[in-house]
Amino acid sequence: MLKNFEQLKEMLRAKPGTRRVAVAVAQDEHTLQAVAHAANDGLVQPVLIGKAEEIKAILAKIGFDERKAEIIDIADPTECVQKAADLARDGQADCIMKGKIETGALMKVLVNKDHGIRKSDTMSLVGFFESPHYHKVFAITDPALLIYPTLEQKKAMIANAVGAFHALGEENPKVAVIAAVEKVNPKMPETVDADAIKQEGVPGCTVEGPISLDLAMDPESAPIKGYVSPVAGDADLLVMPNIVTANAAAKTITVIGGGRTGGVVLGAKVPVLLVSRAASADDKYMSIVLAALIGSNS
């Protein structure tokens, strides 16, 4: 069981060698601060792709020794992303991080059928959380990419997340497909999807659904309601019906719930980091840790 984020850092630190983080269009101070922090802690080896002189100037400004990083001088943003993809494909990068480039421009290169690194038809974001109100690290999908996922996309979302949990050492994650009620109601499509996913099953995990959030995460609620399931009160992964519920749940946990988070995009050959400039320094740091750890084991 993953009890907290510190455990994840120790897992990464214990691995032989150093995980390589390829930053595409790396001349961005916010991005370099996060990467430098992880590098100074001995957790990653930065591979900084972009305008070399600008990258070096930022590294000097933030007090990071440029000799600790590999710097690849490429001016064109698209070529930067392609270089990162090539490194990942050749096993020379464990994850890719977005620098000073729009998300759409980055993803266009990464999902290209001929030269990209897409592994699944569905790429999805998984946010991992540490909460003072829950007994272990858990995850939510998808709070950022898939707006109204179809049944097939939900199955792919779960498969992506389950692969990440396996990489983190959790052999049989407990998956809760969230709805407002526990019974199938044709007027509530998310309950129909949840039941279909449970009946079909997803390899490598235990699926329950439809199930409400309290039953999935509060061990005291299930006995009161007479709800029996191995997932009840012990969920590892919460699968939300749409981006609104997923995003609201994620931000509630961090904004008013005192939780920590880190998120990665899965479904490519290596994890991809699309960390917002507005994200906290801890969010960026833990996203790098998670991506490096998942990428090194996937």
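Residues numbered from 1 in each chain as written. Predicted model: local features only at pLDDT ≥ 70, side-chain atom pairs only at ≥ 80, totals over all residues. Heavy atoms only, no water.

J.: Even after reading the chapter, I still don't get the pattern of salt bridges, so can you show me in this structure?
T.: A side chain with one charge may pair with a side chain of the opposite charge, provided their charged atoms come close. If you walk through the whole model with that rule in mind, you get 17 salt bridges. The partner of E10 in a salt bridge is R13, and the shortest N-O contact between them spans 2.8 Å. Of this pair, E10 and R13 both sit in helix α1 (residues 5-13), three residues apart, which is roughly one turn of the helix. Overall, the relative accessible area of 45% leaves E10 in the partly exposed class. For K198, the salt bridge is made with E208, and the minimal N-O distance between the two is 2.8 Å. One end of the pair, K198, is in helix α7 (residues 189-200); the other, E208, is in strand β8 (residues 206-211), and 10 residues separate them in sequence. Residue classification places E208 among the buried residues on the basis of a relative accessible area of 7%. Each of E6, K9, E130, R260 and D282 takes part in one network of salt bridges that share partners. (Salt bridge = Lys/Arg side-chain N within 4 Å of Asp/Glu carboxyl O. Helix = DSSP H or I, 4+ residues; strand = E, 2+ residues; numbered from the N terminus. Buried < 20%, exposed > 50% of the residue type's maximum accessible area, 1.4 Å probe, protein only.)

J.: Could you clarify how one ought to interpret unusual backbone geometry in this entry?
T.: D142 follows T141 through a cis peptide bond whose omega is 0°. Looking at where D142 falls in the secondary structure, it is placed in the loop between β6 (138-141) and α6 (151-167). The omega torsion of the bond from G209 to P210 falls at -5°, within 30 degrees of zero and hence cis. Inspection of the secondary structure assignment puts P210 in strand β8. Positive phi is not limited to glycine here, since V25 has a value of about 60°. Within the secondary structure, V25 sits in the loop between β1 (19-24) and α2 (29-40). Take V25: its relative accessible area is 3%, and that puts it in the buried class.

J.: What exactly am I supposed to notice about helix α5 (residues 103-110) here?
T.: For an α-helix, 3.6 residues make a turn, and residues three or four places apart therefore share a direction. All of the buried residues along α5 are L106, M107, V109 and L110. Along the axis of α5, the buried positions cluster into a sector of 160°, meaning they face one direction only. Residues of α5 that are exposed and point more than 90 degrees away from the buried face comprise G104 and K108. (Arc of directions from axis to C-beta.)

J.: I tried to follow the packing of aromatic side chains on my own but got confused; where do I start?
T.: Here a ring pair, both rings aromatic, is described through the centre-centre distance and the interplanar angle of the planes. All chains considered together, the criterion is met by three aromatic pairs. Measuring from ring centre to ring centre gives 5.6 Å for F129 and F138, while their planes differ by 25°; the resulting arrangement is stacked. Residue F129 shares its accessibility class with F138, and that shared class is buried. On the numbers, 5.3 Å between centres and 80° between planes, the contact of Y134 with F138 is edge-to-face. Each of the two residues, Y134 as well as F138, counts as buried. Aromatic rings pair up to connect F129, Y134 and F138 into one cluster. (Phe/Tyr/Trp six-rings, centres within 6.5 Å; stacked < 30°, edge-to-face > 60°.)

J.: Hey, could you run me through the packing of α2 against helix α11 (residues 281-297) in this one?
T.: When two helices pack together, their arrangement is given by the angle between the helix axes and by the axis-to-axis distance. Relative orientation of the contacting elements α2 and α11 amounts to 60°, with a least axis distance of 9 Å. By the criterion of interaxial angle, the relationship of α2 to α11 is oblique. Handedness of the crossing formed by α2 with α11: right-handed. On the side of α2, the interface is formed by H30, A34, V35, H37 and A38, while α11 contributes K284, Y285 and I288. (Axes fitted to C-alpha atoms, helices over the stretch in contact; angles between N-to-C directions. Parallel < 35°, antiparallel > 145°, perpendicular 65-115°, else oblique. Left-handed = near helix turned anticlockwise from the far one by under 90°. Contact = heavy atoms within 4.5 Å.)

J.: Even after reading the chapter, I still don't get the pairing of strand β2 (residues 44-50), so can you show me in this structure?
T.: Regular strands place side chains that alternate from one sheet face to the opposite one. Burial of β2 is extensive: six of the seven residues sit out of reach of the surface. In this structure, β1 lies alongside β2, joined through six bridges in parallel fashion. When the bridges of β2 are listed, A22 appears paired with V47. Note on the crossover from β1 through α2 to β2: the handedness is right-handed. Here four bridges tie β2 to strand β3 (residues 70-73), and the two strands are oriented parallel to one another. Within β3, the position partnered with G50 by the bridge is D73. Remark: the β2/helix α3 (residues 52-62)/β3 crossover connection has right-handed handedness. (Pairing = 2+ DSSP bridges. Right-handed = clockwise from strand over helix to strand, strands pointing away.)

J.: Would you mind going over the nonpolar core with me for this structure?
T.: Side chains of nonpolar character tend, in soluble globular proteins, to be buried together. Among the nonpolar cores identified, the biggest contains 59 residues, and L8, F128, I158 and I288 are the most heavily contacted of them. Per element, the largest residue contribution to this core is nine residues, and it comes from α11. Those residues in contact with L8, other than ones at most four positions away along the chain, are L2, L168, M286, V289, L290 and L293. The next biggest cluster of nonpolar side chains, apart from the first, holds 28 residues, and it includes V25, C80, A84 and V265. (Core = buried A, V, L, I, M, F, W, Y, C linked by side-chain atoms within 4.5 Å.)

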